[in-house]
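Listed below are the residues making up each chain.
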Amino acid sequence: MLDPVVSYFSGSDGVRLAYREVGRGRPLVLLHGIAGDATMWLRYGHAETFAARGYRVIMPDFRGHGRSAKPHDGVSYPLDVLTDDGLALLEHLGLGDDYARDYDLGGYSLGARIVVRMLVRGATPGRAVVAGQGLRQVLGIGGGAGSVLRRVFAGWGTFEPGSPEERAEQSLRSSGADPVALLHVLDSIAPTPVEPLGRIQVPTLVVVGADDERAATADELVEALPHGTRADVPGNHGTAAAAPELTTAILDFLARRQPQT
């Protein structure tokens, strides 16, 4: 696995946030899922493949995750703060002037929801990738990883050995997850209604695992986006994140860029 140097920038409120970069070329900003970090894109080889195809791959850690700050006070997690941080990263990278179309933007799971939030709040990358999410998740209609995490955090340290919840807790412990910070993150996530989705003019790929329950409303999300398209890759929500077909689908979509006039 590549092990790029960790750099830092200031979030929307001055909180110290981490990001990594690999490759040179057109910037491609990639956002990870809940309770993960930027190494998602490194561990499965996605970033290395993108870099080999001429992209400068930029991978931040959300606040409350990875090498970024994990404050425990709720004040540090206002509604939609991860989107604020994403826009601050664009500014830090010099991509924020009118959010010009000189970069691409993608995310998986929670990262995909933040991509949508960034788009409705004014980010205009050349192309966007919303992976591992359907309309239900973008609308914020319960379920998904958030409800599982809340259940695990509520019973932290009390689960029957070998139970699914205990295994999830051990996995979170081994990754250095901070339950207090992650609960605040969950509370900060903003839903996106259908109406603003219809104003997004950025070509957007909705890509989901064929066995992911989120695939059930992926077509509805595509229909809500004026320039949406769908691709399926093998696997469920967890395994699709590691699938090489995910990289291929994203690269194929990015290659469809229209020539500038």
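Refer to the structure above for everything that follows.
Residues numbered from 1 in each chain as written. Predicted model: local features only at pLDDT ≥ 70, side-chain atom pairs only at ≥ 80, totals over all residues. Heavy atoms only, no water.

A. Layout of the packing of helix 3 (residues 81–92) against helix 4 (residues 110–120). Where helix 3 meets helix 4, the axes come as close as 9 Å, and the angle between the chain directions of the two elements is 70°. The pairing of helix 3 with helix 4 is recorded here as roughly perpendicular in orientation. Within the contact between the two elements, helix 3 uses Leu-82, Thr-83, Gly-86, Leu-87 and Leu-90 and helix 4 uses Leu-110, Ile-114, Arg-117 and Met-118. (Axes fitted to C-alpha atoms, helices over the stretch in contact; angles between N-to-C directions. Helix = DSSP H or I, 4+ residues; strand = E, 2+ residues; numbered from the N terminus. Parallel < 35°, antiparallel > 145°, perpendicular 65-115°, else oblique. Contact = heavy atoms within 4.5 Å.)

B. Structural context of the pairing of strand 6 (residues 128–131). Covered by surrounding structure in strand 6 are Ala-128 and Val-130 together with Val-129 and Ala-131, the residues of both alternating faces. Taken together, strand 5 (residues 104–108), helix 4 and strand 6 form a β-α-β motif whose crossover is right-handed. Sheet analysis places strand 6 next to strand 7 (residues 204–209), joined by 4 bridges and oriented parallel. If you follow Ala-131 over to strand 7, its bridge partner there is Val-207. (Buried < 20%, exposed > 50% of the residue type's maximum accessible area, 1.4 Å probe, protein only. Right-handed = clockwise from strand over helix to strand, strands pointing away. Pairing = 2+ DSSP bridges.)

C. A look at the packing of aromatic side chains. By the definition in use, this model includes 2 aromatic pairs. Both rings, one in Phe-9 and one in Tyr-19, keep their centres 5.9 Å apart while their planes meet at 65°; by these two values the pair is edge-to-face. Note that Phe-9 is positioned in strand 1 (residues 6–10) and Tyr-19 in strand 2 (residues 16–22), a separation of 10 residues in sequence. Tyr-19 gets classed as buried once you look at its relative accessible area, which sits at 7%. (Phe/Tyr/Trp six-rings, centres within 6.5 Å; stacked < 30°, edge-to-face > 60°.)

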